[in-house]
Amino acid sequence: MPTNHIDEAILEKVAPLYERVKTVIPEIEWPVHAPHVAAINELKKEKNAVILAHNYQTPEIYHCVADITGDSLGLSLEAAGTDKQVIVFCGVHFMAESAAILSPDKIVLLPRPDSGCPMADMVTPEGVREMKERLPGRPVVTYVNSSAAVKAESDICCTSANAVRVVNSLDADEVILVPDRNLGRYIAAHTDKKCHLWEGYCPTHDRLQVEEVERALAEHPDALFLAHPACPPEILALAHHICSTSGMGDYVRKSQVKKFIIGTEAGILYRLREENPDKEFILPSACLICPDMKLTTLEDILRCLQTMSPQVRVAVGVRERAKVTLDRMLAVPRD
Ligand code: SF4
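Owing to the predicted nature of the structure, the values given are computational and were not obtained by experimental measurement. (Residues numbered from 1 in each chain as written. Predicted model: local features only at pLDDT ≥ 70, side-chain atom pairs only at ≥ 80, totals over all residues.)

1. Some thoughts on the site of the ligand
Stated precisely, the cut-off is as follows: By definition, a residue lies near a molecule or strand when the C-beta atom built from its backbone is within 6 Å of it. In the scheme used here, Gly and all other residues not listed as nonpolar or charged are polar, with Ala, Val, Leu, Ile, Met, Phe, Trp, Tyr, Cys and Pro taken as nonpolar and Asp, Glu, Lys and Arg as charged.
Taken together, the residues surrounding the ligand are Val92, Cys117, Pro118, Met119, Asn145, Cys202, Pro203, Thr204, Glu265, Cys290, Asp292 and Met293. Across the shell around the ligand, the residue classes break down as 8 nonpolar, 2 polar and 2 charged.

Below you can see the structure in the form of structure tokens.
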């Protein structure tokens, strides 16, 4: 069990792991993390658990205890395919719900039940029903960053990576896009369909300022600016490339360019730096940090494995309807 006393034997045991992560975790922090890392990695085997970590989680979680890393839907899909009976989701509440929708027979644990998503909270099932009544016959396309109850009121889901493809696949001239107005405007600019937008937004991406990006571009004229479509349109207008977090990983890996300004949550930088040690990554604003994504700690993960709580469950009726919207999205052919 971890204690405040730094146990040399534990440090030695996890030393090979530190060799792999020393470029992203400062040496002075490691003795604090090491006992928890060792205990979690033991306990997850004992409990037949798989630990999922979103791209925005802290490096000690992402690199030292996670079995699967990625974006929210990718994680849930991979978790559904494993033989582990317990899923520990290091992310926010709607992500754990997606895992519970796709893996109804597994135990889904969320180490911090208070890790919500302000954007997901900007829309309710009642609000979606009202919009459908106001705009009858238009299919509702809902970003996966939403609650299970909102998905259940929708016709189909989308991710930031496939949103345009999903909208264009629909046999309708007009669509309702929920909840991100910035993603909605991006989709509207890339489709002939008339888009009715819900006025939600991700506070983290929405607060990035044009002046901050312009300053970063002026200071690093040899860099490319990559932006997530959850950023406001005036930010996207400055981007050399617009893509999801997974798309950023692919783009950077294939690019010959050595320097990138990253317009999304700061956590992605750890992954980009680890995967591309010869390239440089710049965050244009200190505001690009999602407080909810940083709530989960190694202590929370350890406690949740010890107590097998808190669990996230989705009521059967909601789960079945929400799953239909995810299945429809997954059935949309890829380009
Ligand atoms: S980064 Fe934005 S969309 Fe993601 S969890 Fe935080 S508030 Fe929600």
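Structure shown, so let's carry the discussion forward.
2. Observations regarding the environment of Gly74
The condition is simple: Note on conventions: DSSP H or I runs of at least 4 residues are helices, E runs of at least 2 residues are strands, and numbering of each starts at the N terminus.
One can find Gly74 in helix H5 (residues 72-80). Linking Gly74 and Arg165, residues 91 residues apart in sequence, is a C-alpha distance of 17 Å.

3. Considerations on unusual backbone geometry
Applicable threshold: Neighbour counting defines burial: a residue surrounded by 20 or more other C-beta atoms within 10 Å of its own C-beta is buried, one with 12 or fewer is exposed, and intermediate counts give partly exposed, using backbone-placed C-beta atoms.
Note that the residue after Val178, namely Pro179, is joined by a cis bond; omega there is -10°. By secondary structure assignment, the location of Pro179 is in the loop between strand S7 (174-178) and helix H10 (181-188). The step from Ser309 to Pro310 runs through a cis peptide bond, and the omega angle for that step is 0°. Of note, Pro310 is situated in the loop between helix H16 (298-307) and helix H17 (316-331). Of note in the backbone geometry, Asn48 takes a positive phi value of approximately 55° without being a glycine. By the secondary structure assignment, Asn48 is in the loop between helix H3 (30-46) and strand S1 (49-54). By C-beta crowding, Asn48 is classed as exposed, having 12 other C-beta atoms within 10 Å.

4. Quick notes on the environment of Arg313
Structurally, Arg313 is set in the loop between H16 and H17. The class of Arg313 is partly exposed, set by 14 C-beta atoms lying within 10 Å. With 214 residues separating them along the chain, Arg313 and Ala99 place their C-alpha atoms 9.6 Å apart.

5. Side note on the sheet that holds strand S6 (residues 156-158)
For clarity, the threshold we go by: Pairing between two strands is assigned when DSSP locates at least 2 bridges connecting them. The axes are straight lines fitted to the C-alpha atoms, using for helices just the contacting stretch, and the angles between their N-to-C directions are given from 0 to 180°. Residues are scored as being in contact if the C-beta atoms we place from backbone atoms lie within 7 Å.
As summarised here, the arrangement of the 4 strands in space is S6-S5-S7-S8, forming an open sheet in which the pairing is parallel. The open sheet has two edge strands with one neighbour each: S6 and strand S8 (194-197). Recorded for the sheet is a direction-independent mean angle of 30° between the axes of neighbouring strands. This element, H17, spans strand S5 (140-143) and S6 of the sheet and lies at about 60° to S6.

6. Points about the pairing of strand S3 (residues 86-90)
Under the convention used in this document: By definition, the crossover connecting two strands over a helix is right-handed if that path, from the first strand to the second, turns clockwise as seen with the strands pointing away from the viewer.
Within S3, 4 of the 5 residues are buried, which leaves the element mostly enclosed by the surrounding structure. In terms of strand pairing, S1 meets S3 through 5 bridges, oriented parallel. Each bridged residue has a counterpart across the sheet, and for Leu52 the counterpart in S3 is Phe89. Relative to strand S4 (residues 107-109), S3 runs parallel, the two sharing 3 bridges. Among the inter-strand pairings, Ile87 is bridged to a residue of S4, identified as Val108. Chirality of the crossover, the property in question, places the unit of S3, helix H6 (residues 93-102) and S4 among those that are right-handed.

7. Quick look at the nonpolar core
Definition in use: Nonpolar core, as used here: buried Ala, Val, Leu, Ile, Met, Phe, Trp, Tyr and Cys residues forming one set through C-beta atoms within 7 Å.
In this structure, Ile51, Leu52, Val88, Phe89 and Ile301 are the most contacted members of the largest nonpolar core, which totals 97 residues. It is H6 that provides the largest number of residues to this core, a total of 7 residues. Contacts of Ile301, omitting those with residues within four sequence positions, involve Ile40, Ile51, Ile61, Val65, Val88, Cys90, Pro111 and Thr296.

8. Quick notes on H5
Formally: Note that the arc is defined by the directions from the helix axis to the C-beta atoms.
The set of residues buried in H5 consists of Ser72, Leu73, Leu75, Ser76 and Ala79. One face of H5 carries all of its buried residues, which in axial projection span an arc of 160°. In this structure, the buried residues of H5 make contact with S1, strand S2 (68-70), S3 and H6.

9. Remarks on the sheet that holds S3
In a beta sheet, neighbouring strands are held together by backbone hydrogen bonds and run either parallel or antiparallel to one another. A sheet is described by the order of its strands in space; here 4 strands give the open sequence S2-S1-S3-S4, paired in parallel fashion. The sheet is open, and its two borders are formed by S2 and S4, each paired with just one other strand. Averaged over all pairs of adjacent strands, the angle between strand axes in this sheet comes to 20°, irrespective of strand direction. As judged from the 3 bridges shared by S1 and S2, these two strands associate in the parallel manner. Pairing of Leu52 across the sheet is with Ile68, part of S2. Contacts between H6 and the sheet are confined to S1, S3 and S4, with S3 contributing the most and set at about 155° to the helix. Seen against the sheet, H16 touches S1, S3 and S4 and runs at an angle of roughly 160° to S3.

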